[in-house]
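# Breakdown of the fold
Listed below, chain by chain, are the residues.
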Amino acid sequence: MIKANYPVDKFRDITTPFYYYDLEVLRSSLAEINRHIDGQPFEVHYALKANVNPVVLKIIKEAGLGADCVSGGEVQAALNAGIAPSKIVFAGVGKADWEINLGLEHDVFCFNVESIPELEIIDELASAKGKIARVALRINPNVSANTHHYITTGLNENKFGINLTELEKVTQIVRNLQNVKLIGIHFHIGSQITDMTPFQDLCVKVNELQYHFEANGITLENINVGGGLGVNYEHPNHFPIAEYEAYFKVFRDHLTLRPGQTLHFELGRSIVAQCGSLISKVLYVKEGTSKKFVILDAGFTELIRPALYQAYHRVENLSSDLPEEKYDVVGPICESSDVFVKDYLMNQTKRGDIVALRSAGAYGEIMASGYNLRKLPKAYTSDELK
Ligand SMILES: *Cc1c(COP(=O)(O)O)cnc(C)c1O
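All values derive from a computational prediction rather than experimental measurement. (Residues numbered from 1 in each chain as written. Predicted model: local features only at pLDDT ≥ 70, side-chain atom pairs only at ≥ 80, totals over all residues. Heavy atoms only, no water.)

## What to know about the pattern of salt bridges
Under the convention used in this document: Whenever a carboxyl oxygen of Asp or Glu lies within 4 Å of a side-chain nitrogen of Lys or Arg, that contact is scored as a salt bridge. Helix numbering and strand numbering both begin at the N terminus, where a helix is a DSSP run of H or I of at least 4 residues and a strand a DSSP run of E of at least 2. Classification of residues uses two cut-offs on accessible area relative to the type maximum, computed with a 1.4 Å probe and protein chains only: under 20% is buried, over 50% is exposed, and between them is partly exposed.
The final tally for this structure, using the stated rule, is 20 salt bridges. The closest approach of N and O atoms between Glu 302 and Arg 374, which form a salt bridge, is 2.9 Å. You can see Glu 302 sitting in the loop between β12 (292-296) and α11 (305-309) and its partner Arg 374 sitting in the loop between β16 (354-357) and β17 (378-381), a full 72 residues away along the chain. Taking the relative accessible area as the measure of exposure, Arg 374 reaches 22% and is therefore partly exposed. Members of the salt-bridge network, linked through shared partners, are Glu 24, Arg 27 and Asp 383.

## A word on unusual backbone geometry
Going from Thr 16 to Pro 17, the amide bond is cis rather than trans, its omega being -5°. Along the chain, Pro 17 turns up in the loop between α1 (8-11) and β1 (18-21). Its identity is not glycine, yet Asp 343 carries a phi of approximately 45°, on the positive side. By secondary structure assignment, the location of Asp 343 is in strand β15 (residues 339-347).

## Some words on the pairing of strand β10 (residues 262-267)
Note the following rule: Being paired, for any two strands, means DSSP has found at least two bridges between them. Clockwise travel from the first strand over the helix to the second, with the strands pointing away from the viewer, marks a crossover as right-handed.
Most of β10 sits inside the fold, with five of its six residues counted as buried. Of the pairings in the sheet, the one linking strand β2 (residues 42-47) to β10 comprises five bridges and is parallel in character. In the sheet register, Glu 43 faces β10, and the bridge partner there is His 264. You can see the chain leave strand β9 (residues 222-224), run along helix α9 (residues 244-254) and come back into β10, and the turn it takes is right-handed.

Here it is as structure tokens:
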């Protein structure tokens, strides 16, 4: 098994489980993004919900990316990280009044609005502050992302966004509101999308919608196509960088921007997934009647994706080069769903071995919980453990 080149000796001195971020991988991803958007009217906002580790966030900010936030807490985190309000977009299907007010007070670039009642409340709160809120309508394009149903968001049956059938009505309403200014349209069709077809379908929808707005005499300055680009969870060592080349090319080739329009992206997973691993120690190897279980000191409290979405994370035993054997790799939590992988070939494993759960940089540390009164995991970076 090919394994990550990690400082295992240093890992031995640190209390497990913990997150480890390889900052070279992160920096390479960001450099690749910047290479593809250079000279284009493109702006990338990092979706903070994937990971808000302060070191990671700082590197992303320094690479020049903006922020995509889905809560007041994330807006505050983006501001604290020094990201300019003019680069912050604020989405979310249920923004509370205090969250809208926070966005208004800091003059965030745009509220991505998901319903008519939300639009009316933003207008009301902006009016109370004597401000004009910039808004984009999050439109549900009814495009299938061919991804897991828990992470599909662009179909009519999802709770997100404004359906196409309501668009005429919303366009009329937004016209009559005094304290909101419509500056764009927004989409987000799902996550972990590795086939470019859904993105191409989205471009076709955007092109159609542009005509709708033009016919209504509305000029949109911004088109925001959201995030969702996937990563290779099977082979993180071979594919540490997401398919940015193909991804940005789809939008360059298929989405027709009007002069002066900016195309916005909100990438989360693809930027941070591959730089992170959850590092854990083997507590016990237990022989079942027909299986062997590797019981780790990390469970779904540290990495919930397998339990929540049946997600796969590659598991590497960093301490063993012995022949491979088949194991179920599980956590210590008192729930049957606390399983990372089943019938999994891994180098022969013993108590005390250090394993890496790979591609855990996105929706890993940030989703950790204290269930079973466990401590939240700490995080270390390659810069610190050099
Ligand atoms: C989650 C989310 C993103 C980021 O999605 P990724 O799959 O991590 O790229 C972008 N925009 C919105 C509105 C989101 O909710």
